[in-house]
Amino acid sequence: MQMNPLTILNVTANVVLSVSALHLILKVFGHPNSPVYARPYVALLCKAAATLTFIGAVANVWTLSTPGWTEIVLNVGVSCNWAWISVFIDAAHKAEKKVAAKPRPAPMTSKMYKRKHRASDE
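Quick caveat: nothing in here was measured; it's all calculated off a predicted structure.

The rules behind each value
- Residues numbered from 1 in each chain as written.
- Predicted model: local features only at pLDDT ≥ 70, side-chain atom pairs only at ≥ 80, totals over all residues.
- Heavy atoms only, no water.
- Helix = DSSP H or I, 4+ residues; strand = E, 2+ residues; numbered from the N terminus.
- Buried < 20%, exposed > 50% of the residue type's maximum accessible area, 1.4 Å probe, protein only.
- Contact = heavy atoms within 4.5 Å.
- Areas by Shrake-Rupley, 256 points an atom, 1.4 Å probe, with all protein chains shown as cover.
- Phe/Tyr/Trp six-rings, centres within 6.5 Å; stacked < 30°, edge-to-face > 60°.
- Patch = residues over 30% accessible without salt bridge, like charges linked within 9 Å, V, L, I, M, F, W, Y side chains within 5 Å.
- Salt bridge = Lys/Arg side-chain N within 4 Å of Asp/Glu carboxyl O.
- Lys, Arg positive; Asp, Glu negative; His and termini not counted.
- Charge placed at Lys NZ, Arg CZ, Asp CG, Glu CD.
- Expected span 1.5 Å × (residues − 1).

A. Representation of the overall build of the protein chain in the model. Across its full length, the protein chain carries four helices and zero strands. In the protein chain, the order of α-helices and β-strands from amino to carboxyl end is α-α-α-α. Residues classed as buried in the protein chain amount to 19% of the 122 residues present. Of all intrachain contacts in the protein chain linking residues separated by at least 6 positions in sequence, the fraction that spans at least 24 positions is 80%. Summed over its atoms, the accessible surface of the protein chain is roughly 9300 Å², and 69% of this surface lies on carbon and sulfur atoms.

B. Quick look at the packing of aromatic side chains. One pass over the structure, following the stated rule, counts two aromatic pairs. Ring centres of Phe29 and Tyr37 lie 6.0 Å apart, and the angle between their planes is 65°; this geometry places the pair in the edge-to-face category. Measuring from ring centre to ring centre gives 5.5 Å for Trp84 and Phe88, while their planes differ by 15°; the resulting arrangement is stacked. With Trp84 and Phe88 both in helix 3 (residues 69–101), this residue pair falls four residues apart, about one helical turn. Phe88 sits in the partly exposed class, given a relative accessible area of 49%.

C. A look at a positive patch on the surface. A contiguous patch of positive charge, built from Lys111, Lys114, Arg115 and Arg118, is present on the exposed surface. Tracing the backbone shows Arg118 in helix 4 (residues 110–121).

D. Expanded view of helix 2 (residues 40–63). Its 24 residues give helix 2 an end-to-end C-alpha distance of 34 Å, which sits within 8% of 34 Å, the value for a rise of 1.5 Å per residue. Among all positions in helix 2, only Ala43, Ala50 and Ala57 are buried. Just downstream of helix 2 lies Leu64, where phi reads positive at about 50°.

Spatial relationships are all this shows, so hold off on functional conclusions.
Rendered as structure tokens:
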């Protein structure tokens, strides 16, 4: 079966888009202490938009659709944008983990605090 080059380009863009959208869904909403949950309506909107994007991209891959060339240009641009965002979020999370991995002093217990202040009073 010979595939149209535009179909191949569209499928490639939609594979990149679906992988990037799924990555962001898991990265942003994959843990319960995500900052996005501080604003429930924003979280709902973002989750719905990312889910619809993922479903649409998978449907385009599944059907091997060949839309007009303008839509293919749009799909390539959107998939590049989502891929960039996905890579950026991943890099930002890795940088945060490096900062969080640095050893911090243990918090003072009330006994330690009293002992320290008693010693400084003497």
